[in-house]
Amino acid sequence: MGQDRGRYDFYIGLVLAVSSSLFIGGSFILKKKGLLRLAKKGSMRAGQGGHAYLKEWLWWAGLLSMGMGEAANFAAYAFAPATLVTPLGALSVLVSAILSSYFLNERLNLHGKLGCLLSILGSTVMVIHAPQEEEVENLEDMNSKLADPGFVVFATFVVIVSLILIFVVGPRHGQTNILVYITICSVIGALSVSCVKGLGITIKELFAGKPVLKHPLSWIFLLSLISCVSTQINYLNKALDIFNTSLVTPIYYVFFTTSVLSCSAILFKEWRHMGTDDIIGTFSGFLTIIVGIFLLHAFKDVSFSLANLPLSVRKEDRSTMSANGVLSHTAYELYDNATESQEEILESHSENVSRRNGTIAAH
């Protein structure tokens, strides 16, 4: 019965995680459409300090979609392992990229399409091999896991590294090194996901009629989550303001997901009962998603489509044959045609010269 219940919760969390990506990915399109409509009307744009978007219903629809996506993502952590929910967040990037090509007329080149395909395949592999975490049914179970020596050491290490990066490394190298601010967001994000997991359990017990609000751990989770999320938003905005978004987004995804996977493995012991094939499958799926996100972002400004591929292949074939000292039949034909054209030009030029000479002689 408990195993059936765990599988049922797993599928609920999976549906919520995918729904979250759909809502969040779609929210960017709705907001962008609303802002473009305002720009056509001549209203002051948001980048110039205008707030006319508050009167645009499409922008509010995007905000509502974003809120629904975040709520679904929050609820997903209460049902499914963080190792499954966090990597599936990459689907929101794919949804946004695909919808942008249809509704915003933004170009999605061949690299982007391959990146989307690889990310979907990687997400599918991760879902198939996702670890089944140990049962955490109430706050008492969560409290005992937080007191585990392994997690205490991990959390202490994360806090110390974060403080060093914030107060020592950040002021010196944050403006020039893209990894500083992203690392701060990522390592703190591991703790924020643990807080989200704890709050999800609290809400489940609250709906079950248990007096969880009297438990101090509930308020610790809430205050810790507020501190972690506010710090993440602050330093992520700094990174986005200084460096290129196409670089920040994939690097942040890789660092953040790696931190969450590490924290989840230590806190919930998700890998202890997994087989070797599931461990390999999970890592393979994660690496496939990383490659897909990299292709989607790193080459998004490169104009390359499937129609350019045959031309590139032909050029490579010709250059290879020329390097080997062998000309293809087509090359010989081009050479013969060029020779015949030159001979015809010379003959016509000679005739014209002789005609002009004859005319001059006649006069």
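Residues numbered from 1 in each chain as written. Predicted model: local features only at pLDDT ≥ 70, side-chain atom pairs only at ≥ 80, totals over all residues. Heavy atoms only, no water.

## Regarding the overall build of the protein chain
When its secondary structure is counted, the protein chain shows 13 helices and zero strands. In the protein chain, which comprises 363 residues, the proportion classed as buried is 39%. Taking contacts inside the protein chain between residues at least 6 apart in sequence as the whole, the part at least 24 apart equals 81%. Total accessible area on the protein chain is roughly 21,000 Å²; 64% of this is exposed by carbon and sulfur atoms. (Helix = DSSP H or I, 4+ residues; strand = E, 2+ residues; numbered from the N terminus. Buried < 20%, exposed > 50% of the residue type's maximum accessible area, 1.4 Å probe, protein only. Contact = heavy atoms within 4.5 Å. Areas by Shrake-Rupley, 256 points an atom, 1.4 Å probe, with all protein chains shown as cover.)

## Some thoughts on the packing of helix α8 (residues 178–207) against helix α9 (residues 216–242)
α9 packs onto α8 with a crossing angle of 150° between their chain directions and a minimal axis gap of 8 Å. It follows from the interaxial angle that α8 and α9 lie roughly antiparallel. Note that α8 runs across α9; the crossing there is left-handed. The residue makeup of the contact of α8 with α9, split by class, is 17 nonpolar, nine polar and one charged. (Axes fitted to C-alpha atoms, helices over the stretch in contact; angles between N-to-C directions. Parallel < 35°, antiparallel > 145°, perpendicular 65-115°, else oblique. Left-handed = near helix turned anticlockwise from the far one by under 90°. Nonpolar A, V, L, I, M, F, W, Y, C, P; charged D, E, K, R; others polar.)

## So, the confidence of the model for the protein chain
On average, residues of the protein chain carry a pLDDT of 76, and 76% of them reach 70 or more. Every residue in residues 327–336 scores below 50 in pLDDT, and together they form three contacts with partners more than four places removed in sequence or on other chains. (pLDDT = per-residue confidence, 0-100.)

## What about the environment of Leu-287?
With respect to the element layout, Leu-287 can be found in helix α11 (residues 276–298). Distance from Leu-287 to Leu-118, taken between C-alpha atoms, is 9.7 Å for residues 169 residues apart in sequence.

## Some thoughts on the environment of Ser-123
In this fold, Ser-123 is placed in helix α5 (residues 110–128). For Ser-123, a relative accessible area of 5% corresponds to the buried category. Residues Ser-123 and Gly-285 lie 162 residues apart in sequence; the distance between their C-alpha atoms is 6.2 Å. Beyond its immediate chain neighbours, meaning those up to four positions away, Ser-123 contacts Leu-88, Leu-91 and Ile-289.

## A look at the packing of helix α2 (residues 57–79) against α8
Running from N to C, α2 and α8 cross one another at 80°; their axes reach a closest spacing of 8 Å. In terms of orientation, α2 lies roughly perpendicular with respect to α8. Residue-level inspection shows Phe-74, Tyr-77, Ala-78 and Phe-79 of α2 in contact with α8, the latter providing Val-193, Val-196, Lys-197, Leu-199, Gly-200, Ile-201, Ile-203 and Lys-204. Broken down by class, the residue content of the contact of α2 with α8 amounts to nine nonpolar, one polar and two charged.

## Things to note about the packing of aromatic side chains
Applying the stated rule across the entire model yields two aromatic pairs. Ring centres of Phe-10 and Tyr-11 lie 5.6 Å apart, and the angle between their planes is 80°; this geometry places the pair in the edge-to-face category. The class of Phe-10 is buried, set by a relative accessible area of 7%. With a centroid separation of 5.6 Å and an interplanar angle of 45°, the aromatic rings of Tyr-181 and Tyr-235 are classed as tilted. In this pair, Tyr-181 sits in helix α8 while Tyr-235 sits in helix α9, placing the two residues 54 residues apart along the sequence. The residues Tyr-181 and Tyr-235 share a single accessibility class, namely buried. Directly above the ring of Phe-268 sits Lys-197, whose terminal nitrogen or CZ lies 5.8 Å from the centroid. Lys-204 extends its terminal NZ or CZ atom over the ring of Phe-79, reaching a point 4.9 Å from the ring centre. (Phe/Tyr/Trp six-rings, centres within 6.5 Å; stacked < 30°, edge-to-face > 60°. Lys NZ or Arg CZ within 6 Å of the ring centre and 35° of its normal.)

## What to know about the pattern of salt bridges
Inspection of the entire model under this criterion finds one salt bridge. Measuring nitrogen to oxygen at the nearest pair gives 3.5 Å for the salt bridge that ties Glu-205 to Lys-210. (Salt bridge = Lys/Arg side-chain N within 4 Å of Asp/Glu carboxyl O.)

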